[in-house]
Number of protein chains: 2
Amino acid sequence: MLKYQRIAMEIEKYIENHNLQQGDKLPVLETLMNQFNVSKSTITKSLDLLEKKGVVFQVRGSGIFVRRHKRKGYISLLSNQGFKKDLEEFHVTSKVIELDVRKPTQEAAYNLNMELDDDVYFVKRVQYINGQTLCLEESYYNKSIITYLNKEIVSGSIFHYIREGLGLKVGFSDLYLHVDKLSEEEAKFLGLQTGAPKLYIESIFHLTNGQPFDFSKITYNYEQSQFFVQVNNHFF
Amino acid sequence: MLKYQRIAMEIEKYIENHNLQQGDKLPVLETLMNQFNVSKSTITKSLDLLEKKGVVFQVRGSGIFVRRHKRKGYISLLSNQGFKKDLEEFHVTSKVIELDVRKPTQEAAYNLNMELDDDVYFVKRVQYINGQTLCLEESYYNKSIITYLNKEIVSGSIFHYIREGLGLKVGFSDLYLHVDKLSEEEAKFLGLQTGAPKLYIESIFHLTNGQPFDFSKITYNYEQSQFFVQVNNHFF
């Protein structure tokens, strides 16, 4: 973690500890610089990061203000996948159904920009939240990037392993979501009735260099899935 | 529209016209500066905006590359509300059910940071996409900010009016979404069966100065609702 990231986390903690609410003003730059004993450029980078994360908003000529407090019980839609920090308030576990090396489906090959005779790790698992089924997940990982997975790894946070174990840098992702009715197989895994509502999300994760490495199809238990999204600015 | 925004739109058009695909490299900065006849700082701001919009991604020391092409038929989740640009490929119309000035519900007052005896504009409408029901929308607008609405305005793009007509700057927003079953009333408005799946989104829109001005509750027709979300970077 870089210095400005660490300072950003400390400012976030400061906001929590002081129970600051949306609209509360943060101390001015100079005060923050002294408080955390860092340069202006570092504190500026920290605040920019916190703005991107939706923790603060900056009003030109007026100051830096606290944003959010998401509602309790909501999962961040944009950081739930492998981003356990946002799930800390929940107890999440996984049960692995399948894990093997295989050839990608046409769909997976297309989304991962691979050939049909390249290898992928295929992972199918059910995730549980506070003892209830949260989702059924089918993921394809490009094996030439995600070179090794085992049952222990995929029982935990795969993304934590990708970053810390493999040292890869996760960049941007694309999500496609729609609502539909559960198939018989999905209903069985989620412990719901066939035909019950589902939230279905396909996502493609890329490294910072633009390479797609993970194509996932996730079916959520609608009774457990409340999502939260922050939008930072509306363009044009 | 500022110069760097205009240039950003032109670069976006350039990408479309040349049918550039994900991973294709853009010309280097100097070439873009000459091509659009602008300074380095302008072109940098334009590219930063395009990165935020998910049109390009920048790889340090390597260049600027084209991102996306969202799948056809998907609506951008983060810019669909009042952001008609993303709906241009669709034909969207509205039917106004209710429009009046009233006192906010407790929930609306809380989310808009208002008193219970302040006034809101209440708008209830059904939106149609390509002739099918898209969603049922109930919105509360803080009347001290959104000072005037009428039936003609709310039959069109309310956000277009807010920006162009009232000259307000729309800043950030918070979205809360979950999946559930349609109530009898919702089903009637959407032309679906009671109990059919629904995507339900509550959103709170703020001005750039942080004031919340719009609290909306939207129930989507699951058969018409395919959403697309781009995530730019994953933090920490």
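Note: the structure precedes this text.
Note that the structure is a prediction, hence the values are computed from the model and not measured.

Observations concerning the overall build of chain A
In terms of helices and strands, chain A carries seven helices and 10 strands. By principal-axis analysis of the C-alpha atoms, chain A measures approximately 55 × 40 × 40 Å. Residues classed as buried in chain A amount to 55% of the 236 residues present. Of the roughly 11,000 Å² of accessible surface on chain A, 46% is carried by carbon and sulfur atoms. Mean positive and mean negative side-chain charge positions of chain A (29 and 29 charges, respectively) differ by 6 Å.

A word on the relation of the copies chain A and chain B
Mapping chain A onto chain B calls for a rotation angle of 180° and an axial translation of 0.0 Å; the resulting RMSD is 0.0 Å. A rotation of that kind, with that shift, is consistent with a two-fold axis. Taking the C-alpha atom as reference, chain A places A:Pro197 closest to the rotation axis, 2.4 Å from it. An overlap of 100% is found between the interface residues of chain A and their copies at the interface of chain B, pointing to a shared contact surface.

Here's the deal with the sheet that holds strand S10 (residues 226–231) of chain B
Here we have eight strands laid out as an open sheet, ordered S4(A)-S5(A)-S6(A)-S9(A)-S8(A)-S7(A)-S10(B)-S3(B), and mixed in their pairing. Two strands lie at the open edges of the sheet, namely strand S4 (92–102) of chain A together with strand S3 (75–76) of chain B, each paired on one side alone. Strand direction decides the pairing type here: strand S8 (residues 197–207) of chain A and strand S9 (residues 212–221) of chain A, joined by nine bridges, are antiparallel. If you follow A:Glu202 over to S9(A), its bridge partner there is A:Lys217.

Comments concerning the layout of surface pockets
Its boundaries defined by the atoms lining it, the second largest pocket holds a volume of some 640 Å³. Looking at the second largest pocket, it is lined by 27 residues, and the ones nearest its centre are A:Gln22, A:Arg68, B:Tyr110, B:Asn111 and B:Asn113. Broken down by secondary-structure element, the contributors of at least two residues to the lining of the second largest pocket are strand S1 (56–59) of chain A together with helix H4 (106–112), strand S7 (170–181) and strand S8 (197–207) of chain B. By residue class, the composition of the lining of the second largest pocket is 10 nonpolar, 11 polar and six charged.

Some words on the packing of aromatic side chains
One pass over the structure, following the stated rule, counts 19 aromatic pairs over all chains. Their ring planes at 45° and their centres at 6.5 Å tell us that B:Phe205 and B:Phe213 sit as a pair that is tilted. Each member of the pair, B:Phe205 together with B:Phe213, is buried. Among the aromatic residues, those joined into a ring-pair cluster are A:Phe57, A:Phe65 and B:Phe172. The ring of A:Phe122 carries the charged tip of A:Arg102 above its face, separated from the ring centre by 3.8 Å. A cation sits over an aromatic face here: A:Lys188 above A:Phe189, 4.9 Å from the ring centre.

Observations regarding the pairing of strand S10 (residues 226–231) of chain A
Within a regular strand, the side chains alternate between the two sheet faces. Residue and element names in this part refer to chain A. Within S10, five of the six residues are buried, which leaves it mostly tucked inside the rest of the structure. Both strand S3 (residues 75–76) and S10 contribute to a ladder of two bridges, which runs parallel. By the bridge assignment, isoleucine 75 is partnered in S10 with phenylalanine 227.

Digging into the pairing of strand S7 (residues 170–181) of chain A
Counting buried positions along S7(A) gives 10 out of 12 residues, so the element sits mostly inside the fold. Bridge count for S7(A) against S8(A) is 10 bridges, and the pairing is antiparallel. The residue bridging A:Ser173 from the neighbouring strand is A:Phe205, located in S8(A). Here S7(A) pairs with S10(B) via six bridges, running antiparallel. Bridge pairing links A:Tyr176 to B:Phe228 in S10(B).

Quick look at the sheet that holds S7(B)
Strand order in this open sheet of eight strands is S3(A)-S10(A)-S7(B)-S8(B)-S9(B)-S6(B)-S5(B)-S4(B), and the pairing throughout is mixed. Edge positions in the sheet fall to S3 of chain A together with strand S4 (92–102) of chain B, since each of these pairs with one other strand and no more.

Overview of the interface of chain A and chain B
Size of an interface, as often reported, equals the accessible area lost when the parts are brought together. Taken together, the 56 residues of chain A in the interface contact 56 residues of chain B. Counting the surface lost from both chain A and chain B, the interface buries some 4,900 Å², and carbon and sulfur atoms represent 63% of this. A salt bridge links B:Arg67 to A:Asp174; its shortest N-O distance comes to 3.0 Å. If you look at where chain A meets chain B, you find 10 residue pairs in polar contact (both at pLDDT 80 or more). The set of elements that each furnish at least two residues to the side of chain A that touches chain B consists of helix H1 (3–17), helix H3 (40–52), S1, S7, S8 and S10 of chain A. The element contributing the most residues to the side of chain A that touches chain B is S7(A), with 12 residues. Considered class by class, the residues forming the side of chain A that touches chain B number 27 nonpolar, 17 polar and 12 charged.

Concerning the pattern of salt bridges
Pairs may arise between side chains of opposite charge once their charged atoms sit close together. Summed over all chains, the structure comprises 22 salt bridges over all chains. Between B:Glu186 and B:Lys198 there is a salt bridge, with the nearest N and O atoms lying 3.1 Å from each other. Of this pair, B:Glu186 sits in helix H7 (residues 184–190) while B:Lys198 sits in strand S8, and the two are 12 residues apart along the sequence. Of the residues examined, B:Glu186 reaches a relative accessible area of 12% and is grouped as buried. In the salt-bridge network here, residues are joined through shared partners; they are A:Glu98, A:Asp100 and A:Arg102.

Procedures and definitions
Residues numbered from 1 in each chain as written. Chains lettered and ligands numbered in written order. Predicted model: local features only at pLDDT ≥ 70, side-chain atom pairs only at ≥ 80, totals over all residues. Heavy atoms only, no water. Helix = DSSP H or I, 4+ residues; strand = E, 2+ residues; numbered from the N terminus. Buried < 20%, exposed > 50% of the residue type's maximum accessible area, 1.4 Å probe, protein only. Areas by Shrake-Rupley, 256 points an atom, 1.4 Å probe, with all protein chains shown as cover. Lys, Arg positive; Asp, Glu negative; His and termini not counted. Charge placed at Lys NZ, Arg CZ, Asp CG, Glu CD. Least-squares fit on C-alpha atoms with pLDDT ≥ 70 in both. Contact = heavy atoms within 4.5 Å. Pairing = 2+ DSSP bridges. 1 Å grid on protein atoms, 1.4 Å probe; cavity = no way out; pocket = protein on both sides within 12 Å on 5 of 7 lines; lining within 4 Å. Points joined across faces, edges and corners; volume = space filled by probe spheres on them. Nonpolar A, V, L, I, M, F, W, Y, C, P; charged D, E, K, R; others polar. Phe/Tyr/Trp six-rings, centres within 6.5 Å; stacked < 30°, edge-to-face > 60°. Lys NZ or Arg CZ within 6 Å of the ring centre and 35° of its normal. Buried area = accessible area lost by both parts, 1.4 Å probe. Salt bridge = Lys/Arg side-chain N within 4 Å of Asp/Glu carboxyl O. Polar contact = N/O pair within 3.5 Å; in protein donor to acceptor, adjacent residues only side chain to side chain.

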